[in-house]
Amino acid sequence: MTVETRRILIVEDEAQTRSVVEAYLEREGYWVTAVGDGERALQAFESHRYDGVVLDLNLPGLPGEEVCRRIRDVSDVPIIMLTAKGAEEERIAGLDLGADDYLVKPFSPRELVARLRDECVVLTACPLSNARLKAVERPEAHPLPQLLEAGLRVTLNSDDPA
């Protein structure tokens, strides 16, 4: 998939920031949907397939943290949080929610584009980029042998469910 066909969802309530991010991404050849609140973000995400999400946390109505949780429940799409919440605890909490990257405002739009490009490249290179692996009831149906045959390295921690 080329950059020209990549779809990015921008979720940002500040119109000026949303417009700047949208302009930079479109200039790089991305197909962009930009929305200003969490509910519309989830509606857009359910309606289209996206290759990346730029997500503000301070949204009216449904907060960005909840948007992130709901997207993570159904997808491994790269999520970059773009927010004014810059304390170390807030950054760690955002990454723990499932964000792939975290950028604090004020920010460089060029850096955001570079980070998003890197996230999309990493996931495109992985054949299971959109797959979620879960524990299975029947051990004979476990995906581990197929993953190993595909040349993927899989490490299970003792904390992981069998």
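An account of the accompanying structure is given in this report. Remember, predicted model here, so these are calculated numbers, not experimental data. (Residues numbered from 1 in each chain as written. Predicted model: local features only at pLDDT ≥ 70, side-chain atom pairs only at ≥ 80, totals over all residues. Heavy atoms only, no water.)

**Side note on the nonpolar core**
Generally speaking, nonpolar side chains in soluble globular proteins are found buried as a group.
Here comes step 1: Formed by 21 residues in total, the largest nonpolar core has its most connected members in Leu9, Val11, Val53, Leu55, Val67 and Ile71.
Here comes step 2: For this core, the element with the highest residue contribution is helix H2 (residues 38–47), accounting for four residues.
Here comes step 3: For Val67, the residues in contact, after removing those within four places along its chain, are Gly38, Ala41, Leu42, Leu55, Leu59 and Leu62.
Here comes step 4: If you look at the next biggest cluster of nonpolar residues, it comprises 14 residues, including Ile10, Val32, Ile80 and Leu82. (Core = buried A, V, L, I, M, F, W, Y, C linked by side-chain atoms within 4.5 Å. Buried < 20%, exposed > 50% of the residue type's maximum accessible area, 1.4 Å probe, protein only. Helix = DSSP H or I, 4+ residues; strand = E, 2+ residues; numbered from the N terminus. Contact = heavy atoms within 4.5 Å.)

**Some details on the sheet that holds strand S4 (residues 79–83)**
Consider a sheet: its strands pair through backbone hydrogen bonds, and that pairing is either parallel or antiparallel.
Here comes step 1: With respect to topology, five strands assemble into an open sheet ordered S2-S1-S3-S4-S5, the strand pairing being parallel. The open sheet terminates on both sides in strands that have one partner only, identified here as strand S2 (31–35) and strand S5 (101–104). Recorded for the sheet is a direction-independent mean angle of 15 degrees between the axes of neighbouring strands.
Here comes step 2: As defined by bridge partners, strand S1 (residues 7–11) adjoins strand S3 (residues 52–55) across four bridges and the pair is classed as parallel. Bridge assignment links Leu9 to a residue of S3, and that residue is Val53.
Here comes step 3: Of the strands in this sheet, S4 and S5 are in contact with helix H4 (residues 88–97), which crosses S5 at around 145 degrees. (Pairing = 2+ DSSP bridges. Axes fitted to C-alpha atoms, helices over the stretch in contact; angles between N-to-C directions.)

**Some points on helix H1 (residues 15–27)**
Here comes step 1: When the terminal C-alpha atoms of H1 are compared, their 18 Å separation across 13 residues agrees well with the 18 Å that a helix rising 1.5 Å per residue should span.
Here comes step 2: Within the sequence span of H1, burial applies to Thr17, Arg18, Val21 and Leu25. Along H1, the residues classed as buried sweep out an arc of 100 degrees about the axis, all on the same side. Seen from the buried face of H1, the exposed residues on the opposite side, beyond 90 degrees, are Gln16 and Arg27.
Here comes step 3: Looking one or two residues past H1, Gly29 carries a phi angle of roughly 95 degrees, positive in sign. (Expected span 1.5 Å × (residues − 1). Arc of directions from axis to C-beta.)

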